[in-house]
Amino acid sequence: MSSIPAGFVLIINNIEFPISQRRDGSEIDVLNLTTLFNLLGYTVIQKDNVSSRSLSDEFENFVEMFNTKPVDSCFVIVLSHGRSMEVEMSDGVYVDIYRHIIYIMADERNLRYRGLIGIPKVFIFATCQKFDVDPNAPTFPATSSTITSLGHTASDRFDGADWTICFSAAPDHMSHRSPEYGTYYIYVLVKCIMEEAGSNDLITIFANVEKTMAGRVPARNRDFIFDNDNSDRERMVQASKCMPSMFNKFYFNVKVVNSD
């Protein structure tokens with residue numbers, strides 16, 4: 001990557017909800033992610049407590065940055081509550097990860113998003129993916145204008161799309177978070193990128209994140225210390241999942257990173 005900035009990063013950080021518990025510790029995730037991507041030469045846009053109705057407007061504003069300033073890559077990071085393939089927005093309404101986020105941003109036939117054509121797009125969801133949640137929770141309609149305005153069916157949206165999707169939790173898994181240290185997945189992700197950005201491509205880094213996440217999360221002491229002891233203390237398992245679909249290997253331009 002050679003553009004300046006290297007790309008744009010949108011962080012949607014939902015903390016407050018009408019009913020669901022406040023996501024304490026999410027501000028730590030934002031700080032860590034912002035520090036990381038600034039070091040890597042990216043411009044970071046943070047949006048807090050985004051509602052289901054304002055989501056499409058946030059995307060429109062974000063994408064216009066690519067139309068105005070050509071860059072080499074795009075990251076969209078969502079920090080929120082969630083359930084299987086859905087994200088809870090700040091108004092308590094669930095939106096479909098594919099229909100309301102990925103299809104919108106990765107549709108290379110959408111001429112309004114011409115600035116995204118031909119560049120890698122990375123979607124990271126730090127949300128739970130449990131199946132057994134309230135089925136009566138409100139869901140944003142799939143027939144909203146953000147979907148129908150594209151004019152394509154789901155099957156034809158991704159011709160030529162160059163994207164990768166990462167989930168902090170595999171299907172039917174929880175995404176653990178500490179008020180002091182933030183989300184376990186983001187902690188591991190930032191750590192791996194900082195250590196490997198100068199040597200490995202992005203998909204290899206994501207694979208190493210998954211390997212690290214395959215360990216055990218301390219249950220009583222959620223300090224996220226990477227230990228290899230065989231003690232009998234209670235542990236919780238968290239598995240993450242990456243779904244890569246990139247044409248070429250993606251490397252960060254580490255020349256912009258402070259070696260200290």
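Calculation rules
Residues numbered from 1 in each chain as written. Predicted model: local features only at pLDDT ≥ 70, side-chain atom pairs only at ≥ 80, totals over all residues. Heavy atoms only, no water. Salt bridge = Lys/Arg side-chain N within 4 Å of Asp/Glu carboxyl O. Buried < 20%, exposed > 50% of the residue type's maximum accessible area, 1.4 Å probe, protein only. Helix = DSSP H or I, 4+ residues; strand = E, 2+ residues; numbered from the N terminus. pLDDT = per-residue confidence, 0-100. Contact = heavy atoms within 4.5 Å. Axes fitted to C-alpha atoms, helices over the stretch in contact; angles between N-to-C directions. Parallel < 35°, antiparallel > 145°, perpendicular 65-115°, else oblique. Left-handed = near helix turned anticlockwise from the far one by under 90°. Nonpolar A, V, L, I, M, F, W, Y, C, P; charged D, E, K, R; others polar. Pairing = 2+ DSSP bridges.

A. Region of the structure containing the pattern of salt bridges. Overall, the coordinates contain six salt bridges when judged by the stated rule. The shortest N-O distance in the salt bridge between Glu16 and Arg22 comes to 2.1 Å. Residue classification places Arg22 among the partly exposed positions, given a relative accessible area of 38%. Glu58 is the salt-bridge partner of Lys47, the closest N and O atoms lying 3.9 Å from each other. Of this pair, Lys47 sits in strand β2 (residues 43-48) while Glu58 sits in helix α2 (residues 55-68), placing them 11 residues apart in sequence. Classification of Lys47 by relative accessible area gives partly exposed; the value is 30%. Because the salt bridges share partners, they merge into one network encompassing Glu16, Arg22 and Asp24.

B. Just the confidence of the model for the protein chain, in detail. Confidence in the prediction for the protein chain averages 81 pLDDT; 75% of positions are at 70 or higher. A low-confidence stretch, residues 256-260 (pLDDT under 50), is modelled with six contacts involving residues beyond four sequence positions or located in other chains.

C. The packing of helix α1 (residues 26-39) against helix α5 (residues 184-196), seen in detail. For the pair α1 and α5, the least separation of the axes is 10 Å and the interaxial angle reads 20°. In terms of axis orientation, α1 runs roughly parallel to α5. As α1 packs across α5, the resulting crossing turns out to be left-handed. Across from Asp29, Asn32, Leu33, Leu36 and Leu39 in α1, the residues of α5 making contact are Ile186, Val190, Ile193 and Met194. Class assignment for the residues of the contact of α1 with α5 results in seven nonpolar, one polar and one charged.

D. Just the pairing of strand β7 (residues 121-126), in detail. Burial runs high along β7: six of the six residues are buried. Along β7, one buried face is formed by Lys121, Phe123 and Phe125 and the opposite face, lined by Val122, Ile124 and Ala126, is buried too. Inspection of the sheet shows strand β3 (residues 73-79) paired to β7 by six bridges, in the parallel sense. The partner of Val76 across the bridge, within β7, is Phe123. Where β7 and strand β8 (residues 163-167) come together, five bridges link them in parallel fashion. Across the sheet, the residue bridging to Ile124 is Cys166, located in β8.

E. Quick peek at the sheet that holds strand β5 (residues 86-88). Taken in spatial order, the three strands of this open sheet run β4-β5-β6, and their pairing is antiparallel. Sheet topology places β4 (82-83) and β6 (94-96) at the edges, where each strand pairs with a single neighbour. Inspection of the sheet shows β4 paired to β5 by two bridges, in the antiparallel sense. By the bridge assignment, Gly82 is partnered in β5 with Val87.

F. Examining unusual backbone geometry more closely. Residue Ile4 is joined to Pro5 through a cis peptide bond whose omega torsion reads 0°. Checked against the element boundaries, Pro5 lands in the segment before β1 (7-13). A positive phi angle, close to 65°, is found at Met85, a residue other than glycine. Residue position: Met85 is located in the loop between β4 and β5.

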